[in-house]
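So the chains spell out like this:
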Amino acid sequence: MTQYRISEAAELLGVSDDTVRRWVDGGRLVADADASGRLVVNGAALAAFAVDQASTPTDPSSVGRSARNRFVGIVTAITMDTVMAQVELQCGPHRVVSLMSSEAVRELGLEVGSLSVAVIKATNVIVETPGRMP
């Protein structure tokens, strides 16, 4: 069973160690002592807690789409030549980079500071497990 120390749980949740300790003390998150006496959070419990805590800004678009991976964010950089452009968005703690035509950037009126929604429809998603080799 995967377990995370308080500091590791905090890093994964994007909060301070003290916040995780307050959640544990308040009963919002369960932690137990490991064999060394350190507080640890069960991996499955942490995953469920992360899903419950996740919040996303309201999607400002009113278009129905089949893509479910939608990230509301702000344009932070645009690198553009005559044909292609690289558009960077900050969507919560995530940096999303999109390559599109320069024409699309102009038609969408994108500029640094624009509110945007990254819609991701991928046929392949790669999952990695750090530190584990087959």
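It should be emphasised that the depicted structure is a prediction, and the values quoted were computed from it without experimental measurement.

**Q** Got a minute to help me understand the sheet that holds strand S4 (residues 69-80) in this structure?
**A** Within a sheet, neighbouring strands are paired by backbone hydrogen bonds and run either parallel or antiparallel to one another. With antiparallel pairing, 4 strands are arranged side by side in an open sheet as S6-S5-S4-S7. Across the chains shown, the open sheet's two edge strands, defined by having one partner strand only, are strand S6 (94-101) and strand S7 (115-120). Each adjacent strand pair in this sheet contributes to an overall mean axis angle of 45°, direction not counted. Strand direction decides the pairing type here: S4 and S7, joined by 6 bridges, are antiparallel. Counterpart to Arg70 in the pairing with S7 is Val119.

**Q** Where do I start with the layout of surface pockets in this structure?
**A** To find leftover empty space, one rolls a probe the size of a water molecule over the atoms. In this structure, the second largest pocket spans a volume of roughly 350 Å³. As for the second largest pocket, its lining consists of 16 residues, of which Met100, Leu108, Leu110, Ser116 and Val117 are closest to the centre. Where the lining of the second largest pocket is concerned, the elements lending two or more residues are strand S5 (84-91), S6 and S7. Counting residues per element, the lining of the second largest pocket draws most heavily on S7, which supplies 6 residues. Tallied by class, residues from the lining of the second largest pocket come to 14 nonpolar, 2 polar and no charged.

**Q** I keep staring at helix H2 (residues 17-25) and nothing clicks. Help me out?
**A** Residue pairs spaced three or four apart in an α-helix point in one direction, given the helix's 3.6 residues per turn. For H2, every residue scored as buried is listed here: Thr19, Val20, Trp23 and Val24. Viewed end-on, H2 has its buried residues packed into an arc of 140°, placing them on one side of the element. Away from its buried face, by an angle of more than 90 degrees, H2 presents the exposed residues Arg22 and Asp25. The inward-facing, buried residues of H2 abut helix H1 (6-13) and helix H3 (43-53). Residue Gly27 follows H2 closely and has a positive phi angle near 85°.

**Q** Would you mind showing me how to read the pattern of salt bridges here?
**A** Pairing of side chains with opposite charge becomes possible as their charged atoms draw close. One pass over the full model with this rule turns up 4 salt bridges. The shortest N-O distance in the salt bridge between Arg38 and Asp34 comes to 3.3 Å. Given the relative accessible area of 17%, Asp34 is considered buried. Its salt-bridge partner being Glu88, residue Arg95 comes within 3.1 Å of it at the nearest N-O pair.

**Q** Help me out: how do you make sense of a nonpolar patch on the surface in this one?
**A** A contiguous nonpolar patch, built from Val83, Met84, Val97 and Leu99 and spanning about 380 Å² of accessible area, is present on the exposed surface. The topology assignment puts Met84 in strand S5.

**Q** Quick question: what am I supposed to make of the environment of Ala77 here?
**A** For Ala77, the position within the fold is in strand S4. Of the residues examined, Ala77 reaches a relative accessible area of 23% and is grouped as partly exposed. On a C-alpha basis, the gap between Ala77 and Leu89 in space is 7.2 Å, while along the polypeptide they are 12 residues apart.

**Q** Explain the side chain of Glu88 here, please?
**A** Residue position: Glu88 is located in strand S5. With a relative accessible area of 17%, Glu88 lands in the buried category. When sequence neighbours within four positions are dropped, the list of residues in contact with Glu88 reads Ile74, Val75, Thr76, Ala77, Arg95, Val96 and Val97.

Quick notes on the rules
- Residues numbered from 1 in each chain as written.
- Predicted model: local features only at pLDDT ≥ 70, side-chain atom pairs only at ≥ 80, totals over all residues.
- Heavy atoms only, no water.
- Pairing = 2+ DSSP bridges.
- Helix = DSSP H or I, 4+ residues; strand = E, 2+ residues; numbered from the N terminus.
- Axes fitted to C-alpha atoms, helices over the stretch in contact; angles between N-to-C directions.
- 1 Å grid on protein atoms, 1.4 Å probe; cavity = no way out; pocket = protein on both sides within 12 Å on 5 of 7 lines; lining within 4 Å.
- Points joined across faces, edges and corners; volume = space filled by probe spheres on them.
- Nonpolar A, V, L, I, M, F, W, Y, C, P; charged D, E, K, R; others polar.
- Buried < 20%, exposed > 50% of the residue type's maximum accessible area, 1.4 Å probe, protein only.
- Arc of directions from axis to C-beta.
- Contact = heavy atoms within 4.5 Å.
- Salt bridge = Lys/Arg side-chain N within 4 Å of Asp/Glu carboxyl O.
- Patch = residues over 30% accessible without salt bridge, like charges linked within 9 Å, V, L, I, M, F, W, Y side chains within 5 Å.
- Areas by Shrake-Rupley, 256 points an atom, 1.4 Å probe, with all protein chains shown as cover.

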